[in-house]
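# A closer look at the structure
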Amino acid sequence: MNIGEFLDQRRENWQELERMCNQFRKLRATRDASVMIRFSELYRAACNDLAMADSYRLSPTTTAYLHQLVGRAHNQLYRAQRFQFQEWWRTIFYSAPKQIFADGCVHTCSMLFFGTFLLTAICAWSQNRFPNFAEFVLGQEAVDELEKMYDEPLDANFEHYILMSSFYIRNNTGIGLQCFATGPLIVPTLFTLVYNAAHIGTAFGYMARSDVPQGENFFPFVTAHGPFELTAIVLAAAAGLRLGLGLIRTNGLTRLDSLRFQAQNALPVMMASVVLFFGAAFTEGFISPSAIPYIFKAGWALASSFSLMVYFVVLGFPRGEPHAT
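Note that this is a predicted model, so its numbers are computed, not measured.

Within the chain, Asn132 stands out as a residue other than glycine whose phi angle is a positive 60°. Within the fold, Asn132 resides in the loop between helix 5 (104-125) and helix 6 (133-138). Positive phi is not limited to glycine here, since Ile186 has a value of about 65°. Tracing the sequence through the fold places Ile186 in the loop between helix 8 (158-181) and helix 9 (187-207).

Below is the structure:
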């Protein structure tokens, strides 16, 4: 092969690829489909040229130049995308809430959890109609322990409630992770969700009874962080359930590909759950155990519930999208 002809034929493509690499270094360089297709073609051609240069033992200068050019092109083609605030904002406040709002797994887990929570809370509160309901669900020992934990008012032993906050954060986060981790099995996720909803709802209903004085200490502690924490548990379970359905309803894909696809759909749900767990942890660590007036804690709970309603319902509700599912 004539080395001179080889260099003359390829050098123009190398120079074009080098120019494109220089352009891509700029923050606002054009990267539409046609440009990227041409860039990919030049990159593959340069890789072939480099292999040929090594095979035919071309001059070290040419080989080194091609190594550098191919390396630059590779980094531009496969580099991590720059952070784009506009795209980030659209994903978090447009795409994610709409996807979560339309997710059937979120609907199912929400109805199961909050339905069980309300039903057991009413039963535990209605002592005349359902006597000893709390003892039946929680057990007498757990009921006695619950009363003992809230014997003291919040301002009487702040360290005691800080320790309780740490326990509840670990416990409730563990519930969410357990619901997510057992998602591929489906049944354990739903059982864990309903089981914990029944226990939490029963505790709320029992402490709301007029003959349980410890309720005066219980509700100032749990009111503030309740909306974030309970919603986070539901979302974690929904994300796990989404993975489980991916193994059953493959829609023509292999089970592994279906699982990967559903994992992408579950990611916004799980990320929302993580954010809410962080919000609940902050609230439970600094606001719930404090001796600030209950009206402030109730206001925080209302503001939390309102923000959840705006994000998941107002932003998530499909408008002008008749085919949204």
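We are not done yet, so read on.
Another aspect to go through is the nonpolar core. One finds Ile100, Cys109, Phe113, Leu235, Val269, Leu276 and Phe312 to be the most contacted residues of the largest nonpolar core, which totals 35 residues. Elements with a contribution of two residues or more to this core: helix 4 (85-101), helix 5, helix 8, helix 9, helix 11 (226-248), helix 12 (255-286) and helix 13 (294-314). Among the elements that line this core, the one with the most residues is helix 11, at 12 residues. Setting aside residues up to four positions removed in sequence, Phe113 forms contacts with Leu193, Ala197, Ile200, Leu230, Ile233 and Val234.

Our focus in this paragraph is the layout of surface pockets. Roughly 530 Å³ of internal volume is contained in the second largest pocket. Around the second largest pocket sit 19 residues that line it, and Ser110, Phe114, Thr231, Leu308 and Phe312 are the ones nearest its centre. Elements with a minimum of two residues in the lining of the second largest pocket: helix 4, helix 5, helix 11 and helix 13. Taken together, the residues of the lining of the second largest pocket break down into 14 nonpolar, five polar and no charged.

Inspection of every chain in the model, using the stated rule, returns six salt bridges. The salt bridge partner of Asp103 is Arg242, with a shortest N-O separation of 2.6 Å. Taken together, the residues Asp103 in the loop between helix 4 and helix 5 and Arg242 in helix 11 connect sequence positions 139 residues apart. When sorted by exposure, Asp103 lands in the same class as Arg242, which is buried.

Turning our attention to the packing of aromatic side chains. The final tally for this structure, using the stated rule, is 14 aromatic pairs. Judged by centre distance (6.5 Å) and plane angle (65°), the ring pair of Phe130 and Phe133 falls under edge-to-face. Overall, the relative accessible area of 36% leaves Phe130 in the partly exposed class. Geometrically, the ring pair formed by Phe191 and Tyr195 is stacked, given 5.8 Å between the ring centres and 25° between the ring planes. Of this pair, Phe191 and Tyr195 are both found in helix 9, four residues apart, which corresponds to roughly one turn of the helix.

To continue, consider the packing of helix 5 against helix 11. In the contact formed by helix 5 and helix 11, the axes pass within 8 Å of each other and the chain directions differ by 135°. The orientation of helix 5 with respect to helix 11, classified from their angle, is oblique. Seen along the crossing, helix 5 lies across helix 11 with a hand that is right-handed. In contact with Gly104, Cys105, Val106, Cys109, Ser110, Phe113, Phe114 and Phe117 of helix 5, helix 11 contributes Leu230, Thr231, Ile233, Val234, Leu235, Ala237, Ala238, Leu241, Arg242 and Leu245. Of the residues that constitute the contact of helix 5 with helix 11, the class distribution is 14 nonpolar, three polar and one charged.

Time to look at helix 12. When the terminal C-alpha atoms of helix 12 are compared, their 44 Å separation across 32 residues agrees well with the 46 Å that a helix rising 1.5 Å per residue should span. Ala266 marks the point of greatest bend in helix 12, at about 40°, and the proline Pro268 comes within the next four residues.

This paragraph deals with the confidence of the model for the protein. Per-residue confidence for the protein gives a mean pLDDT of 84, with 87% of residues at or over 70. Of all helices and strands in the protein, the one with the weakest mean pLDDT is helix 8 (72), whereas helix 5 scores best (95).

Moving on, we get to the side chain of Asn217. On the secondary structure map, Asn217 appears in helix 10 (residues 215-222). Classification of Asn217 as buried rests on a relative accessible area of 12%. Only 3.3 Å separates the side chain of Asn217 from the backbone oxygen of Asp151, close enough to count as a polar contact.

What counts and what doesn't
- Residues numbered from 1 in each chain as written.
- Predicted model: local features only at pLDDT ≥ 70, side-chain atom pairs only at ≥ 80, totals over all residues.
- Heavy atoms only, no water.
- Helix = DSSP H or I, 4+ residues; strand = E, 2+ residues; numbered from the N terminus.
- Core = buried A, V, L, I, M, F, W, Y, C linked by side-chain atoms within 4.5 Å.
- Buried < 20%, exposed > 50% of the residue type's maximum accessible area, 1.4 Å probe, protein only.
- Contact = heavy atoms within 4.5 Å.
- 1 Å grid on protein atoms, 1.4 Å probe; cavity = no way out; pocket = protein on both sides within 12 Å on 5 of 7 lines; lining within 4 Å.
- Points joined across faces, edges and corners; volume = space filled by probe spheres on them.
- Nonpolar A, V, L, I, M, F, W, Y, C, P; charged D, E, K, R; others polar.
- Salt bridge = Lys/Arg side-chain N within 4 Å of Asp/Glu carboxyl O.
- Phe/Tyr/Trp six-rings, centres within 6.5 Å; stacked < 30°, edge-to-face > 60°.
- Axes fitted to C-alpha atoms, helices over the stretch in contact; angles between N-to-C directions.
- Parallel < 35°, antiparallel > 145°, perpendicular 65-115°, else oblique.
- Left-handed = near helix turned anticlockwise from the far one by under 90°.
- Expected span 1.5 Å × (residues − 1).
- Bend = angle between axes of the 7 residues up to and from the residue.
- pLDDT = per-residue confidence, 0-100.
- Polar contact = N/O pair within 3.5 Å; in protein donor to acceptor, adjacent residues only side chain to side chain.

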